[in-house]
Amino acid sequence: MKVYGITNCDTVKKALDWLKAHHVNYEFHDFKKLGISQEKLQEWDAKAGYEVFLNKKGTTWKQLEPQVKESIKTSADALKLLQEKTSMIKRPVIEHNDSLFFGFDEEAYGKLVG
């Protein structure tokens, strides 16, 4: 299992605490330190659609200039912006086997790890 996120994010902290409490082994990828590749974003987009992981409720999105928000017309536009501003990716992102999950949801995590 691979978990992507930011260490100071409360939602990521909750998810990591849940995984530890349920003795789930994982590898952590910190967006702030390691960034995210365009290829990885394209893979997620192909599986889920960028709309699922472009966080429009967060501070970073809300602080964007209106013309930047309006310029997001294609997945290529969105992925370029997400690579530049990784804090706009809905967190955490969990890859497990062929599953891909965005955000924290105890019930979904329970199903994910069986």
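Residues numbered from 1 in each chain as written. Predicted model: local features only at pLDDT ≥ 70, side-chain atom pairs only at ≥ 80, totals over all residues. Heavy atoms only, no water.

## Remarks on the pattern of salt bridges
So, step 1. This model, assessed by the stated rule, comprises 6 salt bridges.
So, step 2. Here Lys 40 makes a salt bridge to Glu 43, at a shortest N to O gap of 3.3 Å. On the criterion of helical spacing, the pair formed by Lys 40 and Glu 43 is a turn pair, its members being 3 residues apart in helix α3 (residues 38-48).
So, step 3. Residue classification places Glu 43 among the partly exposed positions, given a relative accessible area of 31%.
So, step 4. The salt bridge involving Lys 80 is made with Glu 84; its shortest N-O contact spans 2.9 Å. Taken together, the residues span about one helical turn, with Lys 80 and Glu 84 both in helix α7 (residues 75-84) at a distance of 4 residues. With respect to burial, Lys 80 and Glu 84 carry one shared label: exposed. (Salt bridge = Lys/Arg side-chain N within 4 Å of Asp/Glu carboxyl O. Helix = DSSP H or I, 4+ residues; strand = E, 2+ residues; numbered from the N terminus. Buried < 20%, exposed > 50% of the residue type's maximum accessible area, 1.4 Å probe, protein only.)

## Overview of the pairing of strand β4 (residues 99-102)
So, step 1. Bridging between strand β3 (residues 93-96) and β4 involves 4 bridges; their strand directions are antiparallel. The residue bridging Val 93 from the neighbouring strand is Phe 102, located in β4. (Pairing = 2+ DSSP bridges.)

## Describing the packing of aromatic side chains
Aromatic rings considered in pairs are described by the distance between their centres and by the relative angle of their planes.
So, step 1. Evaluated as defined, the whole model comprises 8 aromatic pairs.
So, step 2. Judged by centre distance (5.0 Å) and plane angle (85 degrees), the rings of Tyr 4 and Trp 44 are edge-to-face. A residue pair is termed long-range when its members are at least 10 positions apart, and Tyr 4 in strand β1 (residues 2-5) and Trp 44 in helix α3 qualify at 40 residues. Side by side, Tyr 4 and Trp 44 carry an identical accessibility label, which is buried. (Phe/Tyr/Trp six-rings, centres within 6.5 Å; stacked < 30°, edge-to-face > 60°.)

## Focus on unusual backbone geometry
Working note: non-glycine residues mostly have negative phi, and peptide bonds are mostly trans.
So, step 1. The omega torsion of the bond from Arg 91 to Pro 92 falls at -15 degrees, within 30 degrees of zero and hence cis.
So, step 2. Summarising the element assignment, Pro 92 is placed in the loop between α7 and β3.
So, step 3. The phi dihedral of His 23 is positive, around 55 degrees, even though this residue is not glycine.
So, step 4. Take His 23: it is sitting in the loop between α1 (10-21) and β2 (27-30).
So, step 5. With relative accessibility at 72%, the residue His 23 sits in the exposed group.

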